[in-house]
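Letter by letter, the chains look like this.
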Amino acid sequence: YHTNDWNHFNAISINDNNKIYLSSRTWSEFYIIEWRSDRDILYRWGNPQNYGRGGPEEQILDANHGVYEIPYGFPGGGNILVFNNRTNQTSFGNLFSSVIELTPEIDENGSYYIEEGEPFGPNEIVWQYENGFHSGSQSGAFRLPNGNTLVTVAQELYIFEVTSDKEIVWEYNSPNGMIPRATKYGSEYFFKAGDL
């Protein structure tokens, strides 16, 4: 990367509690910061060696994209989804991308919990989907109201919807042109109830 792109943030998302989610491809982690606050990073996850709390064996994310908080009211509401590209292959031993869902650890005061000398948790992820797809750049995943997850694999020109049980409901292969990240809308988004 050029020195003017040393962070390479590739996604930004703001939730209803004024928290900003940032994904950094270069640093292979994502961050949560608070909107309009003098506080620094509230939470970070994916590559704790960046802040001296682990080595390469603790790195989980690699060139990640598309971090966002699942909306409350959706299955997994409040959890975080991120697309793990796995580009550098420094410590993963496979060539496949994945979608990861995790729940940040929160203390009794509602703050993100980090133990002295340890990285931010969790150590265990809630859900992960990996099934032979790969994109070295872009891509993303979004939770749908029905609990399924919409996944875009940008470089493979591939979009699919997968259930929590890891069954593909439908898929689309674009005949041309890379799709950076797709979103799915229901018919109610386009029509008022009286127009149907």
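These remarks concern the structure in this document. (Residues numbered from 1 in each chain as written. Predicted model: local features only at pLDDT ≥ 70, side-chain atom pairs only at ≥ 80, totals over all residues. Heavy atoms only, no water.)

## Points about the sheet that holds strand E4 (residues 41–45)
Taken in spatial order, the four strands of this open sheet run E1-E2-E3-E4, and their pairing is antiparallel. One side of each edge strand has no neighbouring strand; the edge strands of this open sheet are strand E1 (9–14) and E4. Taking each pair of neighbouring strands and ignoring which way they run, the sheet shows an average axis angle of 20°. With five bridges joining them, E1 and strand E2 (residues 19–24) adopt antiparallel strand pairing. Following the sheet pairing, Ala11 is matched in E2 by Ser23. (Pairing = 2+ DSSP bridges. Helix = DSSP H or I, 4+ residues; strand = E, 2+ residues; numbered from the N terminus. Axes fitted to C-alpha atoms, helices over the stretch in contact; angles between N-to-C directions.)

## Section: the pairing of strand E3 (residues 29–34)
The pairing of E2 with E3 spans six bridges and is classified as antiparallel. In the sheet register, Leu22 faces E3, and the bridge partner there is Tyr31. Linking E2 back to E3 in an antiparallel pair, the connection comprises four residues, with Ser28 at a positive phi of about 55°. Summarising the sheet, E3 and E4 pair through four bridges and their orientation is antiparallel. Bridge pairing in E4 places Ile33 opposite Ile41.

## As for the sheet that holds strand E7 (residues 98–102)
Backbone-to-backbone hydrogen bonds pair the strands of a sheet. The strands run either parallel or antiparallel. Overall, antiparallel pairing links the four strands, which are arranged E5-E6-E7-E8 in an open sheet. Across the chains shown, the open sheet's two edge strands, defined by having one partner strand only, are strand E5 (65–69) and strand E8 (127–129). Ignoring strand direction, the axes of neighbouring strands in this sheet form an average angle of 15°. As paired elements, E5 and strand E6 (residues 80–84) share three bridges and run antiparallel to each other. Bridge pairing in E6 links Tyr68 to Leu81.

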